[in-house]
Amino acid sequence: MSEPEEDLQEEQRDSTKKKKKKEKRSGKKKKQKEEREQEEAQQQVDEEEEERSECVVLRGIFKLGKKSHDVLLTRTRLTWIPITPETPTGEPCVLQPGVVLTAGRVRGEGEAAASGRPAVGGAVLGVALFCCRRRGRRLEEDTLHLHNASAEHTQTWYNTLKELLAGFSSRPRYLKVFINPSSHKKEAVHIYREHVAPLFKMADIRIDITVTERKGHALSVMKECKLDEYDGVVCVGGDGSVAELCHALVLRAQLDADSPEKPVKPVLPLGIIPAGSTDVVSCSVHGVRDPVTATLHIVLGHLQQVDMCSFLSQGQLVRFGFSAMFGFGGRSLARAEKKRWMPSSRRREYALVKTLARLRPEDCQLSFQPAKTSTGNLFEHRDEDQDVKQDPESEGEESWTTNQGLYLSISIMSIPCLSPHAPRGLAPNTSLANGSAALIAVGNTSRSEFIKHLKRYSSSSGQFSFSFVETHAVSAVRIRPSSLINWSEEESEEEGDSKTTPIIQSEGAAFPWNIDGELVEIANEVLVRVHPRLITLYGEEVDEAESTVSCSCI
Ligand SMILES: Nc1ncnc2c1ncn2[C@@H]1O[C@H](COP(=O)(O)OP(=O)(O)OP(=O)(O)O)[C@@H](O)[C@H]1O
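The text that follows walks through the structure, step by step, so that each part is easy to find. The shown structure was predicted, so the numbers you read here are calculated from the model rather than taken from an experiment. (Residues numbered from 1 in each chain as written. Predicted model: local features only at pLDDT ≥ 70, side-chain atom pairs only at ≥ 80, totals over all residues. Heavy atoms only, no water.)

Moving on to the site of the ligand. Looking at the ligand, there are 20 residues lining it, with Ser 183, His 184, Ser 241, Glu 244 and Ser 277 nearest. One of the backbone N or O atoms of Glu 213 is found 3.2 Å from a nitrogen atom in the ligand. Take Ser 241: an N or O atom from its side chain is 2.5 Å from an oxygen atom of the ligand. Protein coverage of the free-state accessible area of the ligand, which is 630 Å², stands at 82%. With four residues, the single largest contributor to the shell around the ligand is helix 6 (residues 239-256). By residue class, the composition of the shell around the ligand is one nonpolar, 13 polar and six charged. (Near = heavy atom within 4 Å. Polar contact = N/O pair within 3.5 Å; in protein donor to acceptor, adjacent residues only side chain to side chain. Areas by Shrake-Rupley, 256 points an atom, 1.4 Å probe, with all protein chains shown as cover. Helix = DSSP H or I, 4+ residues; strand = E, 2+ residues; numbered from the N terminus. Nonpolar A, V, L, I, M, F, W, Y, C, P; charged D, E, K, R; others polar.)

The next point concerns the environment of Gly 276. Among the structural elements, Gly 276 can be located in the loop between strand 11 (270-274) and helix 7 (280-286). Put simply, Gly 276 and Arg 289 are 13 residues apart on the chain and 9.4 Å apart in space, counted from C-alpha to C-alpha. Setting aside chain neighbours within four positions, we find Gly 276 in contact with His 184, Gly 237, Gly 238 and Arg 289. (Contact = heavy atoms within 4.5 Å.)

Turning our attention to the nonpolar core. Looking at soluble globular proteins, one finds that nonpolar side chains tend to be buried together. One finds Leu 270, Phe 322 and Leu 537 to be the most contacted residues of the largest nonpolar core, which totals 51 residues. If one sorts the elements of this core by residue count, helix 6 sits on top with seven residues. Two domains each put at least three residues into this core: domain 2 (169-301) and domain 3 (307-375 + 401-532). (Core = buried A, V, L, I, M, F, W, Y, C linked by side-chain atoms within 4.5 Å. Buried < 20%, exposed > 50% of the residue type's maximum accessible area, 1.4 Å probe, protein only. Domains from an automatic or database assignment.)

Burial runs high along helix 9 (residues 328-337): nine of the 10 residues are buried. Restricting attention to buried positions, one finds in helix 9 the residues Phe 328, Gly 329, Gly 330, Arg 331, Ser 332, Leu 333, Ala 334, Arg 335 and Ala 336.

So, about the packing of aromatic side chains. Overall, the coordinates contain eight aromatic pairs when judged by the stated rule. Ring centres of Phe 466 and Phe 468 lie 5.1 Å apart, and the angle between their planes is 35 degrees; on these two criteria the pair is classed as tilted. Residue Phe 466 shares its accessibility class with Phe 468, and that shared class is buried. For Arg 206, the ring lying beneath its charged end belongs to Tyr 174, and the centroid distance is 3.9 Å. Positioned over the ring face of Trp 400 is Arg 478, at 4.3 Å from the centre of the ring. (Phe/Tyr/Trp six-rings, centres within 6.5 Å; stacked < 30°, edge-to-face > 60°. Lys NZ or Arg CZ within 6 Å of the ring centre and 35° of its normal.)

Once that is clear, we can look at a negative patch on the surface. A contiguous patch of negative charge on the surface is contributed by Glu 34, Glu 35, Glu 37, Glu 39 and Glu 40. Looking at the secondary structure, you find Glu 35 in helix 1 (residues 3-54). (Patch = residues over 30% accessible without salt bridge, like charges linked within 9 Å, V, L, I, M, F, W, Y side chains within 5 Å. Salt bridge = Lys/Arg side-chain N within 4 Å of Asp/Glu carboxyl O. Lys, Arg positive; Asp, Glu negative; His and termini not counted. Charge placed at Lys NZ, Arg CZ, Asp CG, Glu CD.)

This paragraph deals with the pattern of salt bridges. Close approach of charged atoms lets side chains of opposite charge pair. If you walk through the whole model with that rule in mind, you get 17 salt bridges. Across the pair Lys 162 and Asp 204 runs a salt bridge whose closest N-O atoms are separated by 3.2 Å. On the criterion of sequence distance, the pair formed by Lys 162 in helix 3 (residues 151-166) and Asp 204 in the loop between helix 4 (188-202) and strand 9 (206-211) is long-range, its members being 42 residues apart. Several salt bridges share partner residues, and in doing so they unite Arg 133, Arg 135, Glu 140 and Asp 142 into one network.

Structural data, given as structure tokens:
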């Protein structure tokens, strides 16, 4: 090729490059312009929505207590200002309709006010707003009376408020309720009748109740019943009942979706009314063990996505759940279950002390897949997209970290497991919906050091600052025991030097696991997988539970 030809080609190349660059620049500019336009359009929609919601729906004069007030209702707030000549622009009080449970008509001599419920007979004297008030982590029922003698005026307000409340789509209208009458002190039915049913009735929520007759009853009902009629499921019971229902909801979703392998997110949310002895799941989404708080979260439709785990052994699903303890936690529960005749708190203390006295490590291979997107931010919320992409099953063997050793205790928890005994939770380093579980592995150590570690759970921190404790945010865990012992044999053993002697294998034996407070005996390797946001519970994210008890046994 001659020099001028080469120059010409070079020029052509340059001009094509420039052209491409120009096109790229103009494409980028076009994209930016489109994005800007989209943003502006969205802003306009938001502003219009805000304006619409701030539009006054109703305005009227009502008496609140003895004073007349100028009352204003928009779609997002109810505001009332005292009408006083000395301060014509008085301080407004505000209430969000989101906290209003229902509206009733005050009739007759105000008997609705006296009874705290919407009344049926007599002349209409005003509107009563039954609402929810926050006191710390507790939700309580409260009433606001707006008095006005005009029946027509009152009726308009009553109808409008009812219409507004009907617009809250997350609030349930029809619930399937399971009550375990044998939970804890056998008070579940009483708790339901006393604290829950009146609030459901007041909020016009229809209910369909099953009082369970045996273990597995709720699961079999859930497999068969027509779920699409309901807006949610409610469990009145302890952690065992909650675990059974969560497991049942996911299984049912799998059945409905014809997905035998992969867990499927249930459509219906689960509400938990605590009636057990520890109520860890309830505490983790309510911050308190209080049936009224739990019911109000359901009535107001507060929904919280929650991570769950699946537990598999030899490729078979054992169950779905939130937490599992292997080693100390499993053995302690197995001992407690043998003394079912004891009152539950005594039984727990007995088992704890006895297991501590016979403390022994498990010899096992512990493998885990670190959670990919964990940033160390305890209460971070992530995109749904991120969760979908995070599929531990698609990861190769190389993403696993494996250690072989002696462990006193291994816990895997996809929720913080708050309780009055451990207000910041057994796993404060995870949150309800961060897409990972906390793995807490306690290596072999002396009894006194292990007790120190346990005691720090009831204070507030420092339980992991020991050289023998390791914690990881994980998406999957595998525990392969090296040796087995039938735990009942262990009961009858003489106490030897248990600190360093690993457990001896015996045929047909199984390891006791504590899965959501239920004893599950598994002989082989267990694979735990975390399923981000697999279930929706009525409740909210809380970082600390109300502490009402102290454990006296250690
Ligand atoms: N009528 C019944 N009789 C016996 N067991 C039942 C009955 N109904 C349900 N169950 C089972 O009882 C088990 C324990 O229930 P639950 O957790 O509610 O009570 P708890 O063990 O006393 O409470 P906690 O787990 O907080 O100590 C669950 O596995 C549940 O399936």
